[in-house]
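# A structural walkthrough
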Amino acid sequence: QVRLVESGGGLVDAGGSLNLSCTASETIPSLIEMAWYRQIPGKERELVASVRGRDVYKNYGDFVKGRFTISRDGDKTAVILEMKSLEPEDTAVYYCRARWGMRGLTWGPGTQVTVAS
C-alpha cells in the first residue's frame, strides 16, 4: 500500500518560512493530484494547496493569500509546500494527500507546524 512520508514541520517565529516535503513510498503512475491540508485544533481539516499534473493546475485556500507555493518535486511522486510570512494562525498539523486512478487515496500521518508570535 502506498505510504506518504512528510517532513519539514517545526517551530518558527512569525514572519518566518518553512518548507514541507511529502514523498510517496512508491511511484504512482496514475497520479491525479497531490495536496496539503491542515487541521487546527477544534476545527475541520481544510485545503492548503493542491497540484494536478506536472505543476500545471494549482489551487490554494483563501487564507494563503500568495504566501505559500506548492510544486511537484521533479518526476517523483512528491510535493513541496513553501510557506513564507507565516502567522500564528497558521499553527496546525499539516497533512499530505495523494489521489490516483479511480479510487486511490491516501493521507500522510501529519507534521506539526507551530508559529510563535
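Reference entry: report on the structure contained in this document. (Residues numbered from 1 in each chain as written. Predicted model: local features only at pLDDT ≥ 70, side-chain atom pairs only at ≥ 80, totals over all residues. Heavy atoms only, no water.)

## Some words on the sheet that holds strand β3 (residues 18-24)
Spelled out, the test is: Two strands make a pair as long as DSSP finds a minimum of two bridges between them. Put simply, DSSP H or I for four residues or longer makes a helix, DSSP E for two residues or longer makes a strand, and each gets a number counted from the N terminus. The axes used here are C-alpha line fits, helices contributing only the stretch in contact, and every angle between their N-to-C directions lies in the interval 0 to 180 degrees.
Across the sheet, 4 strands lie side by side as β1-β3-β8-β7; this open sheet has antiparallel pairing. Two strands bound the open sheet, and with one partner strand each, they are β1 (4-7) and β7 (68-72). Neighbour to neighbour, the strand axes of the sheet diverge by 15° on average, direction disregarded. Examined bridge by bridge, β7 and strand β8 (residues 78-83) share 5 bridges and lie antiparallel to one another. The residue of β8 that forms the bridge with Thr69 is Glu82.

## Topic: the state of the cysteines
Our working definition: Cysteine sulfur atoms are paired as a disulfide whenever they fall within 2.5 Å.
The tally for this structure, following the rule as stated, stands at 1 disulfide. Across the disulfide from Cys22 sits Cys96; the S-S distance is 2.0 Å. Here Cys22 and Cys96 share a disulfide; its torsion about the S-S bond, -85°, makes the bridge left-handed. Taken together, the residues Cys22 in strand β3 and Cys96 in strand β9 (residues 92-100) connect sequence positions 74 residues apart.

## Notes on the environment of Ala49
To be explicit about the condition: Whether two residues are in contact is decided by their heavy atoms, any of which lying within 4.5 Å being enough.
Its location among the elements puts Ala49 in strand β5 (residues 46-52). Taking the C-alpha atoms as reference points, Ala49 and Thr69, separated by 20 residues in sequence, lie 7.8 Å from one another. Excluding its chain neighbours within four sequence positions, the residues that come into contact with Ala49 are Ala35, Trp36, Asn59, Tyr60, Ile70 and Leu81.

## Points about the pattern of salt bridges
For clarity, the cut-off: One speaks of a salt bridge when a side-chain nitrogen belonging to Lys or Arg is within 4 Å of a carboxyl oxygen belonging to Asp or Glu. Think of it in three bands: with a 1.4 Å probe and only protein chains considered, a residue is buried below 20% of the maximum accessible area for its type, exposed above 50%, and partly exposed in between.
For the structure on display, the rule yields 7 salt bridges. Across the pair Arg97 and Glu33 runs a salt bridge, and its minimum N-O distance is 3.0 Å. One end of the pair, Arg97, is in strand β9; the other, Glu33, is in strand β4 (residues 31-39), and 64 residues separate them in sequence. Among the residues examined, Arg97 registers a relative accessible area of 12% and is labelled buried. A salt bridge links Arg99 to Glu33; its shortest N-O distance comes to 3.5 Å. Residue Arg99 is found in strand β9, and its partner Glu33 is found in strand β4; the two are separated by 66 residues along the sequence. Overall, the relative accessible area of 22% leaves Arg99 in the partly exposed class. With relative accessibility at 8%, the residue Glu33 sits in the buried group.

## With respect to the nonpolar core
Here is the rule we go by: The term nonpolar core refers to a set of buried residues drawn from Ala, Val, Leu, Ile, Met, Phe, Trp, Tyr and Cys, joined through side-chain atoms within 4.5 Å.
The biggest cluster of nonpolar side chains holds 29 residues, and the ones touching the most others in it are Met34, Trp36, Val48, Leu81, Met83 and Tyr94. Mapped by element, the contributors of at least two residues to this core are β3, β4, β5, β7, β8, β9 and β11 (111-116). With sequence-adjacent residues up to four places away left out, Val48 is seen in contact with Trp36, Tyr37, Arg38, Asn59, Tyr60, Gly61, Phe63, Val64, Phe68, Leu81 and Tyr94.

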